[in-house]
Amino acid sequence: MSAAPISVATLAAMKARGERITCLTCYDASFARLLEAAGVDMMLVGDSLGMVVQGHDTTVPVTLEQMAYHCACVARGRSRALLIADFPFLVGATPERALVGAARLMQEGGAQVVKLEGGAGVLETVRCLTTQGVPVCGHLGLMPQSVNLIGGYRFQGRDTDSAETIARDALALQEAGASLLVLECVPAALAQQISRSLRIPVIGIGAGAGCDGQVLVVYDMLGLNRGRPPRFSRDFLAGRDSVPAALAAYVAAVRDGSFPGPAETAY
Ligand code: KIV
């Protein structure tokens, strides 16, 4: 494995070679060092920190200041992996807010890519960010910041209309300049079709093994859940004696295509 820092171009080349991309969420410097040692390709400072670190029921309360703080913590522990930071609730709603958000996450937080939820409604924002030199990761399917609109953490894209909307939005995000796309909780066949049709890498969570890479919330894959673990996750610490061993097993399982397996996949 090359020790050169990973960029969005590295990830595009990995997709072209058919090499699966590994990503985990990360919220502090200690975990960033562990993820680096395991050879994870990307670290996502997800706004999931609102739930797993801060104890909220949703990601909505997370602020830009908190995201910048956690991102800076992670940045101190990373060396090679690409550092992605989530835009918190409504920061991607207008190009003006997004530019302020990207400046904070990149200048204070050391982020290299910003991730925002949304399809047709955020295309202008994505165009504005990429024109200004900000690499963008889109996020479609289940968009947790919309939980109050959709009424829960529901699987998306099961009917023809919503599957078509997700596929159309995915293409539009790529054409607007996005460098990466996260697909959350969509049927495996839809995720595979989108991954095959886009040039940019598609990273799945609860979207089957046909994506170009996988991401999980690090607390979930270590079995540190409040309540029932998500069906699409796997406890990689179970049967292993250390966190580094669990992280290494996750990286190996994503790379060899054995994660997610049929039990962790919705068709
Ligand atoms: O916030 C987050 O952790 C995320 C992942 C679930 C993809 O967006």
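Residues numbered from 1 in each chain as written. Predicted model: local features only at pLDDT ≥ 70, side-chain atom pairs only at ≥ 80, totals over all residues. Heavy atoms only, no water.

Identification of the protein as 3-methyl-2-oxobutanoate hydroxymethyltransferase from Candidatus Thiodictyon syntrophicum is taken from an unreviewed UniProt entry. Its UniProt record gives the protein a comment under Pathway (unreviewed entry), which states: "Cofactor biosynthesis; (R)-pantothenate biosynthesis; (R)-pantoate from 3-methyl-2-oxobutanoate: step 1/2." Under the UniProt heading Function (unreviewed entry), the note attached to the protein is "Catalyzes the reversible reaction in which hydroxymethyl group from 5,10-methylenetetrahydrofolate is transferred onto alpha-ketoisovalerate to form ketopantoate." (UniProt positions renumbered as here; feature names shortened; annotations may be inferred.)

A. Region of interest: the state of the cysteines. With the rule as written, the count across this model stands at zero disulfides. C73 provides the cysteine sulfur closest to C71, a residue in no disulfide bond, and the two sulfurs are 9.2 Å apart. Taking the relative accessible area as the measure of exposure, C71 reaches 0% and is therefore buried. For C73, a relative accessible area of 11% corresponds to the buried category. (Disulfide = S-S within 2.5 Å. Buried < 20%, exposed > 50% of the residue type's maximum accessible area, 1.4 Å probe, protein only.)

B. Main features of the pairing of strand β4 (residues 113-117). Burial analysis of β4 places five of its five residues in the buried class, the great majority of the element. What you see with β4 is no split at all: V113, K115 and E117 on one side and V114 and L116 on the other are buried throughout. As paired strands, strand β3 (residues 82-86) and β4 are joined by three bridges and run parallel to one another. Considered in β4, the bridge of D86 is made with K115. You can see the chain leave β3, run along helix α5 (residues 95-108) and come back into β4, and the turn it takes is right-handed. For the handedness criterion, the β-α-β arrangement of β4, helix α6 (residues 123-131) and strand β5 (residues 136-141) is classed as right-handed. (Helix = DSSP H or I, 4+ residues; strand = E, 2+ residues; numbered from the N terminus. Pairing = 2+ DSSP bridges. Right-handed = clockwise from strand over helix to strand, strands pointing away.)

C. The arrangement of the packing of aromatic side chains in detail. For the structure on display, the rule yields four aromatic pairs. Clustering of aromatic rings is evident, with ring pairs tying together F236, Y250 and F259. (Phe/Tyr/Trp six-rings, centres within 6.5 Å; stacked < 30°, edge-to-face > 60°.)

D. Representation of the UniProt feature "binding site: 3-methyl-2-oxobutanoate" (unreviewed entry) in the protein within the structure. Those residues carrying the UniProt feature "binding site: 3-methyl-2-oxobutanoate" (unreviewed entry) are D47, S48, D86 and K115 in this numbering. A maximum C-alpha distance of 12.5 Å among these annotated residues, which run over 69 residues, shows that they cluster at one spot. Residue classification places D47 among the buried residues on the basis of a relative accessible area of 4%. When near neighbours in sequence (up to four residues on either side) are disregarded, D47 contacts T59, V62, M67, D86, F87, P88, E117 and Q145. Following the sequence through the fold, K115 ends up in strand β4. Leaving out residues up to four positions away in the same chain, K115 has contacts with L44, I84, A85, D86, F87, C137, G138, H139 and V182. (Contact = heavy atoms within 4.5 Å.)

E. Here's a closer look at the site of the ligand. As a structural note, the neighbourhood of the ligand is formed by T25, L44, G46, D47, S48, D86, K115, H139, E184 and I205. Separating an oxygen atom of the ligand from a side-chain N or O atom of D47 is a distance of 3.1 Å. Look at the ligand: alone it shows 260 Å² of surface, and the protein chains cover 95% of it. Of the residues assigned to the shell around the ligand, the class counts are two nonpolar, four polar and four charged. (Near = heavy atom within 4 Å. Polar contact = N/O pair within 3.5 Å; in protein donor to acceptor, adjacent residues only side chain to side chain. Areas by Shrake-Rupley, 256 points an atom, 1.4 Å probe, with all protein chains shown as cover. Nonpolar A, V, L, I, M, F, W, Y, C, P; charged D, E, K, R; others polar.)

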